[in-house]
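Analysis of the macromolecular model
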Amino acid sequence: MKKDQMNNLLYEALETELGGVQIYTTALTCVQNKDLKEEWEKYLEQTQNHVEIVRGIFEKLELDPDVETPGRGVVRHIGESLVKAMELAKEAGEPAAAELVAAECVVLAETKDHLNWELIGELAKEAKGTTAEALKEAHDEVEEQEDEHLYHTTGWTRELWIKSLGMPAVLPPPEEEKDVKTAIGAARAKHQRAGML
Ligand SMILES: [Fe+2]
Ligand SMILES: [Fe+2]
């Protein structure tokens, strides 16, 4: 296991969570659907907590959370770009279109967030001592929430798009209704959408 690259990942994870707070805050100014708004309010709160959880890992591993790394610079750039994309969509003055853009931006951000935590889980299995403990404890707390953030918002994005195309949509999406927490569960829920119309 390469410790330098583990640290790079942790800096990216911290930056992803910090960006996530900005992304949800902006997405909440674009959302139209009441149920989705409630979901995102919950995810914003959880993401704020994830920032603290990652900071907790930094403390235990004696890493300085303020160090700048090339990787976190890229993550920050992407996060700021997603916020700008949503603001651009809002300025265009089409609320339904801005909501779709916000949903897509959340999916893009959560894809990275989900990957980070999946990798932190892999590291936790391989690491030893304090590192293993710190990573495992954080991962156990966060993993299920990240599954929900990604799979449920992906479902919302697909169904809101289908609705915008003038076709029957399942809202809230099947992923939400079936409380999906795995990739295979998400695939199954999507497969069953026709029967839920
Ligand atoms: Fe997160
Ligand atoms: Fe997340």
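What comes next is a walk through the structure.

What counts, and where the lines are drawn
- Residues numbered from 1 in each chain as written.
- Chains lettered and ligands numbered in written order.
- Predicted model: local features only at pLDDT ≥ 70, side-chain atom pairs only at ≥ 80, totals over all residues.
- Heavy atoms only, no water.
- Donors = N, O, S within 2.8 Å, 3.2 Å for Na, K, Ca; no water.
- Helix = DSSP H or I, 4+ residues; strand = E, 2+ residues; numbered from the N terminus.
- Buried < 20%, exposed > 50% of the residue type's maximum accessible area, 1.4 Å probe, protein only.
- Expected span 1.5 Å × (residues − 1).
- Arc of directions from axis to C-beta.
- Contact = heavy atoms within 4.5 Å.
- Polar contact = N/O pair within 3.5 Å; in protein donor to acceptor, adjacent residues only side chain to side chain.
- Axes fitted to C-alpha atoms, helices over the stretch in contact; angles between N-to-C directions.
- Parallel < 35°, antiparallel > 145°, perpendicular 65-115°, else oblique.
- Left-handed = near helix turned anticlockwise from the far one by under 90°.
- Nonpolar A, V, L, I, M, F, W, Y, C, P; charged D, E, K, R; others polar.

1. What to know about the coordination of the iron ion (ligand 2)
Coordination sphere of the iron ion (ligand 2), protein contribution only: E110 (OE), E110 (OE), D113 (OD), E146 (OE) and H149 (ND1), at 2.0 to 2.6 Å. Written as a sequence motif, the donor arrangement for the iron ion (ligand 2) is E-x2-D-x32-E-x2-H. In this structure the iron ion (ligand 1) is found 3.2 Å away from the iron ion (ligand 2), and D113 serves as a bridging donor for the pair. Note that E146 and H149 are positioned in helix α5 (residues 129–164) at a spacing of three residues, about one turn of the helix. Its relative accessible area of 1% is what places E146 among the buried residues.

2. Observations concerning the coordination of the iron ion (ligand 1)
At 2.0 to 2.3 Å from the iron ion (ligand 1) lie its protein donor atoms, namely E17 (OE), E17 (OE), H50 (ND1), D113 (OD) and E146 (OE). E17 gets classed as buried once you look at its relative accessible area, which sits at 0%. Its relative accessible area of 0% is what places H50 among the buried residues.

3. Brief notes about helix α3 (residues 70–91)
With 22 residues, α3 should reach 32 Å at 1.5 Å per residue; the first-to-last C-alpha distance of 32 Å fits that figure. Taken as a whole, α3 has its buried residues at G71, R72, V75, G79, L82, V83, M86 and A89. Viewed end-on, α3 has its buried residues packed into an arc of 125°, placing them on one side of the element. Projecting away from the buried face of α3 at angles above 90 degrees are the exposed residues P70, H77, K84, L88 and E91. Along its buried surface, α3 packs onto α1 (3–27) and α4 (95–126). In the segment just after α3, G93 is the residue with positive phi, at about 80°.

4. A word on the environment of T25
Tracing the chain through its elements places T25 in helix α1. Engagement of the side chain of T25 in a polar contact is seen with the backbone oxygen of V21, the distance being 2.6 Å.

5. So, the packing of helix α2 (residues 34–60) against α5
Between α2 and α5, the least distance of the axes is 10 Å, while the angle of their chain directions is 160°. Taken as axis vectors, α2 and α5 run roughly antiparallel relative to one another. Once α2 is placed against α5, the crossing between them reads as left-handed. In terms of residue class, the contact of α2 with α5 is built from 11 nonpolar, nine polar and eight charged.

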